Amino acid sequence: MVEMKIALVGGGPSALFMVKKLIAADLGPISIDVFESATALGKGMPYSHKGALNDHISNVSSDELPPLVDTLESWLKQQDPAMLTPFHIDGSQFHAKVVVPRLLLGSYLEDQFHQLIAQGQRLGIRFTIHLNSTVCDIEQSATYSIIVNSNRYDGFDKVIICTGHLWPKQQEAEVAGYFNSPYPPHKLNKIFNHPVALKGSSLTAVDAIRTLSKANGHFLLQDKRLIYQVAANSTDFKIVMFSLDGLLPSVRYHVDDTLLSSEHMLTDQQLVRHKHANAGFVSLDFLFEQNFKQIIKHIDPNFYQTIAGKNLESFANWLLESRKAFEPFNLLTIEYIQAEQSIQTKQSIHWKKLFSLLSFSINHPAKYLSAEDMLRLQQILQPLIAIIIADIPQSSAEQLLALHNCGKLDIIAVDTTSQIKIKNDHEFYYVFKDSNQCEQVHEFKTFIDCTGQKPFAMSEFPFKSLFINKQTQAARVKFKHPYYAAALVQSGAKDISLAVDADYYLNLPGFAINDDYQFVYADGSVCNSCFMMAVPFISGFNPDYSGFDFCDQVSSIIVEKLKQS
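Residues numbered from 1 in each chain as written. Predicted model: local features only at pLDDT ≥ 70, side-chain atom pairs only at ≥ 80, totals over all residues. Heavy atoms only, no water.

Visitor: Got a sec to walk through the overall build of the protein? Specific residues and values, please.
Guide: Tallying secondary structure elements over the protein gives 15 helices and 24 strands in all. Relative to the 2.2 N^0.38 estimate, which gives 24 Å for 565 residues, the radius of gyration of the protein is 24 Å and therefore close to what a compact globule would have. Referenced to the eigenvectors of the C-alpha coordinate spread, the extents of the protein come out at roughly 70 × 65 × 55 Å. Counting only residues that meet the buried cut, the protein has 53% of its 565 residues in that class. Within the protein, contacts between residues separated by at least 24 positions form 74% of all contacts whose residues are at least 6 apart in sequence. Accessible surface for the protein amounts to roughly 25,100 Å². Of this, 50% is attributable to carbon and sulfur atoms. On the protein, the mean spot of the 48 positive side-chain charges and the mean spot of the 58 negative ones are 1 Å from each other. (Helix = DSSP H or I, 4+ residues; strand = E, 2+ residues; numbered from the N terminus. Rg over C-alpha atoms; globule rule 2.2 N^0.38 Å. Buried < 20%, exposed > 50% of the residue type's maximum accessible area, 1.4 Å probe, protein only. Contact = heavy atoms within 4.5 Å. Areas by Shrake-Rupley, 256 points an atom, 1.4 Å probe, with all protein chains shown as cover. Lys, Arg positive; Asp, Glu negative; His and termini not counted. Charge placed at Lys NZ, Arg CZ, Asp CG, Glu CD.)

Visitor: Could you give an account of the packing of aromatic side chains, naming the residues involved and the relevant values?
Guide: To describe a pair of aromatic rings, one takes the distance between the centres and the angle between the planes. Per the stated rule, a full pass over the model turns up 33 aromatic pairs. Ring geometry for Tyr 178 against Phe 447: centres 4.9 Å apart, planes inclined by 50°, an arrangement best described as tilted. With Tyr 178 in strand S10 (residues 178–179) and Phe 447 in strand S19 (residues 446–449), this residue pair connects regions lying 269 residues apart in the sequence. The class of Phe 447 is buried, set by a relative accessible area of 1%. When the ring of Phe 303 is compared with that of Trp 318, the centres are 6.1 Å apart and the planes differ by 45°; the resulting orientation is tilted. Remark: Trp 318 occurs in helix H9 (residues 312–324) and Phe 303 occurs in helix H8 (residues 301–307); sequence separation between them is 15 residues. (Phe/Tyr/Trp six-rings, centres within 6.5 Å; stacked < 30°, edge-to-face > 60°.)

Visitor: Outline the sheet that holds strand S1 (residues 4–9), supporting the account with residue identities and numerical values.
Guide: Strand order in the open sheet made by the six strands is S5-S2-S1-S9-S24-S23, with mixed pairing throughout. One side of each edge strand has no neighbouring strand; the edge strands of this open sheet are strand S5 (126–130) and strand S23 (518–520). For this sheet the average axis-to-axis angle between neighbouring strands, irrespective of direction, equals 30°. With respect to the sheet, helix H1 (residues 13–24) is in contact with S1, strand S2 (30–35), S5 and strand S9 (158–161), its orientation differing from that of S1 by roughly 160°. (Pairing = 2+ DSSP bridges. Axes fitted to C-alpha atoms, helices over the stretch in contact; angles between N-to-C directions.)

Visitor: So, unusual backbone geometry: which residues are in play, and what are the values?
Guide: That bond from Tyr 183 to Pro 184 is cis: its omega, -10°, falls within 30 degrees of zero. With respect to the helices, strands and loops of the structure, Pro 184 is situated in the loop between S10 and strand S11 (195–199). Even without being a glycine, Tyr 517 presents a positive backbone phi close to 65°. Assignment of secondary structure puts Tyr 517 in the loop between strand S22 (504–511) and S23.

Visitor: Would you mind going over the packing of helix H7 (residues 284–299) against helix H11 (residues 350–363) in detail, with residue names and values included?
Guide: Put simply, H7 and H11 touch, their axes get as near as 10 Å, and they point 155° apart. By the angle between their axes, H7 is roughly antiparallel relative to H11. The handedness of the crossing between H7 and H11 is right-handed. Across the interface between the two elements, Leu 284, Leu 287, Phe 288, Asn 291, Phe 292, Ile 295, Ile 296 and Ile 299 of H7 pack against His 350, Trp 351, Leu 354, Phe 355, Leu 358, Ser 361 and Ile 362 of H11. (Parallel < 35°, antiparallel > 145°, perpendicular 65-115°, else oblique. Left-handed = near helix turned anticlockwise from the far one by under 90°.)

Visitor: So what's going on with H9? Which residues, and what values?
Guide: What sets the pattern is the α-helix's 3.6 residues per turn: residues three or four places apart point alike. Over its 13 residues, H9 runs 18 Å from end to end, which matches the ideal 18 Å to within 8%, given 1.5 Å per residue. Here H9 has its buried residues at Leu 312, Phe 315, Ala 316, Leu 319, Leu 320 and Arg 323. Each buried residue of H9 sits inside an arc of 120° when the element is viewed along its axis, so together they form one side. For H9, the secondary structure elements touched by its buried residues are H7, H8, helix H10 (328–345), H11 and helix H12 (371–388). A side-chain oxygen of the first residue of H9 lies 3.2 Å from the backbone nitrogen of Glu 313; this N-cap is Asn 311. (Expected span 1.5 Å × (residues − 1). Arc of directions from axis to C-beta. Polar contact = N/O pair within 3.5 Å; in protein donor to acceptor, adjacent residues only side chain to side chain.)

Visitor: Would you mind going over the pattern of salt bridges in detail, with residue names and values included?
Guide: It is possible for side chains bearing opposite charge to pair when their charged atoms get close. Evaluation of the coordinates by the stated rule reveals 28 salt bridges. With a closest N to O distance of 2.8 Å, Asp 285 and Arg 376 form a salt bridge. Of this pair, Asp 285 sits in helix H7 while Arg 376 is found in helix H12, placing the two residues 91 residues apart along the sequence. Note on Asp 285: relative accessible area 37%, which makes it partly exposed. We note a salt bridge from Lys 324 to Glu 321, for which the minimum N-O separation is 3.4 Å. Within this pair, Lys 324 and its partner Glu 321 are both found in helix H9, separated by three residues, close to a single helical turn. Residues joined by salt bridges that share partners form a network here, namely Asp 285, Glu 313, Asp 373 and Arg 376. (Salt bridge = Lys/Arg side-chain N within 4 Å of Asp/Glu carboxyl O.)

Visitor: Now, about the environment of Phe 288: what can you tell me, with residues and values included?
Guide: Note that Phe 288 resides in helix H7. The exposure class assigned to Phe 288 is buried, which follows from its relative accessible area of 4%. As a C-alpha pair, Phe 288 and Leu 377 span 89 residues in sequence and 11 Å in three-dimensional space. The residues touching Phe 288, leaving out its near neighbours within four places in the chain, are Lys 293, Lys 310, Asn 311, Leu 312, Phe 315 and Leu 358.

Visitor: So what about the domain arrangement of the protein? Which residues, and what values?
Guide: Domain annotation for the protein reports domain 1 (4–166 + 548–564), domain 2 (178–249 + 393–449), domain 3 (268–389) and domain 4 (475–508). The straight-line distance from the C-alpha centre of domain 2 to that of domain 4 is 39 Å. (Domains from an automatic or database assignment.)

Visitor: Account for the sheet that holds strand S8 (residues 151–156), with residues named and values stated.
Guide: Spatially, S6-S7-S8 is the arrangement adopted by the three strands of the open sheet, whose pairing is antiparallel. Here the strands that pair on one side only, and so sit at the sheet edges, are strand S6 (137–140) and S8. Within this sheet the neighbouring strands show an average axis-to-axis angle of 20°, counted without direction. As defined by bridge partners, strand S7 (residues 144–148) adjoins S8 across four bridges and the pair is classed as antiparallel.

Visitor: Please provide a residue-by-residue account of the pairing of S9, values included.
Guide: Side chains on a regular strand alternate between the two faces of the sheet. Of the two faces of S9, the one carrying Lys 158 and Ile 160 and the one carrying Val 159 and Ile 161 are both buried. Pairing between S1 and S9: four bridges, direction parallel. What sits directly across from Ile 6, in S9, is Lys 158. Direction of pairing for S9 relative to strand S24 (residues 526–532): parallel, over a ladder of three bridges. Within the sheet, the bridge partner assigned to Ile 160 lies in S24 and is Phe 531.

Visitor: How would you explain the side chain of Ser 283 if you had to name every residue and give the values?
Guide: As for its placement among the helices and strands, Ser 283 is situated in the loop between helix H6 (268–277) and H7. A distance of 3.2 Å separates a polar side-chain atom of Ser 283 from the backbone nitrogen of Asp 285.

Visitor: Tell me about the side chain of Arg 210, and name the residues and values.
Guide: Looking at the secondary structure, you find Arg 210 in helix H5 (residues 203–215). Buried charge Arg 210 goes without a salt bridge, the closest partner of opposite sign being Asp 55 at 4.3 Å. Side-chain polar atoms of Arg 210 contact the side chain of Ser 396, separated by 3.0 Å. Those residues in contact with Arg 210 that sit more than four places away from it in its chain are Asp 55, His 56, Ile 57, Ser 395, Ser 396 and Gln 399.

This is how it looks when you write it as structure tokens:
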């Protein structure tokens, strides 16, 4: 048999799970080249020094990780205690429900990658690892060529793009005091003897808070309570978060998967039947009813009685309004106590876990939503998902409360019209309307955008030569009701286009891909030998950033397609 030569562009978690699936797939003779810009495999940005310091905590436990060679729990128990000391981890006492620092998780992922490579080599798979190798272009002819600076690697039959997070600097490169993201964190690991503005309150903001607070003071226990003491040279240090509606994410709780798993969700066959009966669309209401409410009815009848009569909009509004009824840090205190009780009693909050699964279950069929439903997903469900399933680790919640209690952390409620205005270096104005719709202007010397990973347009794709001979299709979804689209256009809505087929479409960020994660060309055909796992460039059709679960699921889909080639 002729050897299939595969290139993985990117060597982080996506590539890790891709290698796992490839070596288990029995594809015949294959070789795998991994091109990674960093010095280590498996870590990507979040689990390396590009995305974390020692005390940045992950939000996934050992039993939530998809299977690799070792579990995180068993691997940690094998490690030298000296290696765990900087992370304040005792391997002998570690259990599967504990979350660990991200850099430590990165070391685990790197080790698993090398173990998988060794497994593959024993099976006869040839591996070539290219570290410190930033791919600058991909060329396609009869086969693919990977371009790394002045080096060229030819003859690949299949290419799988596994690149991950991207944090362009834009204003940061030109304006002192402006940061487009808190990554890499070492750039914020310094004295800020003045108030610092953060846009957003997600886990990205929590990362920024951890970095800033450690650089400008320290935490300590006093009477069994965590407190914060600011450094003598940072007495004017303070963090101000500007958050939509003044909301903070919920706190991580005990997760018990014995009752909940993706097995309870709609099957592919059920989705296909539904789509055929619904003019080719998948209904968001159908997904909400079947993948959330009906399962809740079975496992938590009491909670189901509360939501039985609620549709997507009324459910989301009920949850958001219930959170808005509390001052944000009072609610954080309540949820922290509830989460601690959940962990101590090993009682899961089933609806929150199921809500996470609902979000993940929407990801794959999202491309079949009508434009009306996609707008509902963007405007109603996704903001709620960001709050409910963000899962602030308990230690992070403790630090946020300690900072707030000593007057060093505040949160200000804003809406989508708020904006940051740049006047000069270290001179920024946050402009927003208060609850009385009066304009407010706050001045800051330092601003950090903490809204998380942004979606990228096709025009920002770095591998320009890949599609030089054939144009790709941008992600878009069709309006089910043209009159509704026309009314939106009339009212000034953007990102809506009228196609040559006289149908209206909602234009989405990134590339159009099919169910096998292959690029779709402008003529409707697909690129059969190139696969796309780089989420920032396919977020229009894959709105859920589900980390390891996404990597594991999509790797399986791609390998199944490779078996057919």
